[in-house]
Amino acid sequence: MQTLLRGVQALTVVCVAGALAACSLPMKAIPQQEDFSSAGKFSRMFDASAAQTCEAARRALMSQGYVISTADKELIQGQKSFQPESETHVQVGIRVVCAPESKDGRVSLGFVTALQDRYALKKSNTSASLGVGALGSVSLPLSSSSDAMVKVGSETVVSESFYDRFFALVQHYLVQDLEDVDTDAVQPDKPKPAH
């Protein structure tokens, strides 16, 4: 009995020592991704209202083939799919939030984030057997294969040039919209027909 008790005590000591050793192992360091600087690549200021900025962002995305899933005065979301290789699929989702920056609402901030999801074609073979009762225990092997797209990665697009090009296109549509508004304001009212 004492031998068994000593064996259990020894095993307990080994387990506790192993657990403590595992806790003291250095964890794998993850590279720091955030700098939280005031000069962010994900936002720009525009001389337009938040609604005008979001409308320009919606037009910019549609002009590049994005399918718009959400569109209102302060939020635009769109997605676009790519197939760079026969067994690889990439989907880019862009989310734009427009917020007023001035009290009079004539200046706004546009915040944009692009998320890229990667999918790969995965093949799986399945097999089954068919038993025919009337003929006895005859089994015929049946096999089939199915293909499915499986998500293999997701990351935020961090390319500064990507966001610079997007904001430049938003500015292009804002200028067009503001010019249209100015042209409408300058045109005199049409005279009403006399009765």
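Residues numbered from 1 in each chain as written. Predicted model: local features only at pLDDT ≥ 70, side-chain atom pairs only at ≥ 80, totals over all residues. Heavy atoms only, no water.

(A) Region of the structure containing the nonpolar core. Residues I94, V96, V112, F166 and V170 are the most contacted members of the largest nonpolar core, which totals 24 residues. Looking at this core, the elements with two or more residues in it are α2 (50-63), β4 (88-100), β5 (108-132) and α3 (160-186). Once residues lying within four places of it in the same chain are set aside, the contact partners of V96 are C54, A57, E74, L75, I76, F111, V112 and F166. (Core = buried A, V, L, I, M, F, W, Y, C linked by side-chain atoms within 4.5 Å. Buried < 20%, exposed > 50% of the residue type's maximum accessible area, 1.4 Å probe, protein only. Helix = DSSP H or I, 4+ residues; strand = E, 2+ residues; numbered from the N terminus. Contact = heavy atoms within 4.5 Å.)

(B) Spatial organisation of the environment of F46. One can find F46 in strand β1 (residues 43-46). In this structure the C-alpha to C-alpha distance between F46 and V107, which are 61 residues apart in sequence, comes to 5.7 Å. Those residues in contact with F46 that lie beyond four places of it in its chain are T53, R106, V107, S108, G110, F167, V170, Q171 and L174.

(C) Just the pairing of strand β2 (residues 67-71), in detail. Pairing between β2 and strand β3 (residues 75-85): four bridges, direction antiparallel. Following the sheet pairing, I68 is matched in β3 by G78. Count of turn residues in the β2/β3 antiparallel hairpin: three residues. (Pairing = 2+ DSSP bridges.)

(D) Inspection of the packing of aromatic side chains at higher detail. Under the counting rule described, the total for this entry stands at four aromatic pairs. When the ring of F46 is compared with that of F167, the centres are 6.0 Å apart and the planes differ by 45°; the resulting orientation is tilted. Pair noted here: F46 is in strand β1 and F167 is in helix α3, with a separation of 121 residues, a long-range link. F46 sits in the buried class, given a relative accessible area of 4%. Take F167: its relative accessible area is 5%, and that puts it in the buried class. When the ring of F162 is compared with that of Y163, the centres are 5.2 Å apart and the planes differ by 85°; the resulting orientation is edge-to-face. (Phe/Tyr/Trp six-rings, centres within 6.5 Å; stacked < 30°, edge-to-face > 60°.)

(E) Region of the structure containing the side chain of S108. Structurally, S108 is set in strand β5. Here T53 takes part through its side chain, which lies 2.6 Å from a polar atom of the side chain of S108. Not counting residues up to four positions away in its chain, the partners in contact with S108 are R44, M45, F46, A48, S49, A50, T53, A99, P100 and E101. (Polar contact = N/O pair within 3.5 Å; in protein donor to acceptor, adjacent residues only side chain to side chain.)

Limitation: the analysis is restricted to geometry and does not speak to function.
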